[in-house]
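Next come the chains, spelled out residue by residue.
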Amino acid sequence: MATPNVSQVIHGIGRKIAELRTAKGWSQARFAEVLGIALQNVQRMEQGRQNFTVRTLVNIARKLGCEPRDLWSVPESPTRGRGRPPVKHLTRR
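Residues numbered from 1 in each chain as written. Predicted model: local features only at pLDDT ≥ 70, side-chain atom pairs only at ≥ 80, totals over all residues. Heavy atoms only, no water.

**Some details on the overall build of the protein chain**
Put simply, the rule is: Helix numbers and strand numbers start at the N terminus; a helix is a DSSP run of H or I with at least 4 residues, a strand a run of E with at least 2. Contact between two residues is taken to exist if any of their heavy atoms lie within 4.5 Å; hydrogens are not considered. Computed with a 1.4 Å probe, the accessible areas rest on the Shrake-Rupley method; for each residue, only the protein chains presented here act as cover.
When helices and strands are tallied, the protein chain shows four helices and zero strands. For the protein chain, restricting intrachain contacts to residue pairs at least 6 apart in sequence, the fraction spanning at least 24 positions comes to 67%. Summed over all atoms, the accessible surface of the protein chain reaches about 6,800 Å², with 51% contributed by carbon and sulfur.

**Things to note about the side chain of Glu-46**
Looking at where Glu-46 falls in the secondary structure, it is placed in helix α3 (residues 39-46). Filtering out sequence-adjacent residues up to four positions away, Glu-46 remains in contact with Gly-14, Arg-15, Ile-17, Ala-18, Arg-21, Gln-28 and Phe-31.

**Considering the packing of helix α1 (residues 6-23) against helix α4 (residues 54-64)**
Put simply, the test is: Note on geometry: axes are lines fitted to C-alpha atoms, helical ones only across the stretch in contact, with angles between N-to-C directions running from 0 to 180 degrees. For classification purposes, angles smaller than 35 degrees are called roughly parallel, those larger than 145 roughly antiparallel, those between 65 and 115 roughly perpendicular, and all remaining angles oblique. A crossing counts as left-handed when the near helix is turned anticlockwise from the far one by less than a right angle, and as right-handed when that turn is clockwise. Only Asp, Glu, Lys and Arg are considered charged, only Ala, Val, Leu, Ile, Met, Phe, Trp, Tyr, Cys and Pro nonpolar, and every remaining residue, Gly among them, polar.
Axis separation between α1 and α4 bottoms out at 10 Å; the angle between their running directions is 20°. Comparing their axes, α4 and α1 come out roughly parallel. α1 and α4 meet at a crossing whose hand is left-handed. Every residue of α4 that contacts α1 at Ile-13, Ile-17, Leu-20 and Arg-21 is listed here: Leu-57, Ile-60 and Leu-64. Across the contact of α1 with α4, the residue classes break down as six nonpolar, no polar and one charged.

**Side note on the confidence of the model for the protein chain**
Detailed reading of the predicted model is not advised wherever pLDDT is low. Here is the rule we go by: Per-residue confidence from the prediction method is given by pLDDT, with values spanning 0 to 100.
Across the protein chain, the average pLDDT comes to 86, with 81% of residues at 70 or higher. When mean pLDDT is taken per element in the protein chain, helix α2 (residues 28-35) scores highest with 97 and α1 scores lowest with 94.

**Examining the environment of Ser-73**
Structurally, Ser-73 is set in the segment after α4. In sequence terms Ser-73 and Ile-13 are 60 residues apart; their C-alpha atoms lie 7.7 Å from each other.

**Regarding the pattern of salt bridges**
Note the following rule: The salt bridge definition used is simple: a Lys or Arg side-chain nitrogen within 4 Å of an Asp or Glu carboxyl oxygen. Exposed residues in this analysis have more than 50% of their type's maximum accessible area, buried residues have under 20%, and partly exposed residues fall in between, with area computed by a 1.4 Å probe over protein chains only.
Summed over all chains, the structure comprises three salt bridges. As a salt-bridge pair, Lys-16 and Glu-19 come within 3.7 Å of each other at their nearest N and O atoms. Pair noted here: Lys-16 and Glu-19 are both in helix α1, with a separation of three residues, about one helical turn. With respect to class, Lys-16 is no different from Glu-19; both count as buried. A salt bridge links Glu-33 to Arg-30; the nearest nitrogen and oxygen atoms lie 3.4 Å apart. Of this pair, Glu-33 and Arg-30 both sit in helix α2, three residues apart, which is roughly one turn of the helix.

Structural data, given as structure tokens:
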């Protein structure tokens, strides 16, 4: 098995971030608010065009409720989904 190059690793982390974000029902805009960064940075991250510092990966993992190592796991889908994530309805008690 060939070792992935840096671009492939960054792209895979971006895809995993997108999967975890959509699983929470967050739009990219909402995730940018949660992280306190510009929407364009989230878009670049998820497209694999943004390099990550360890500090950034730890912060992203914390906000997504996972361990930083989870961001390195293989994404379920190698390509980016289109459109907004489905809305999660809140139930009242």
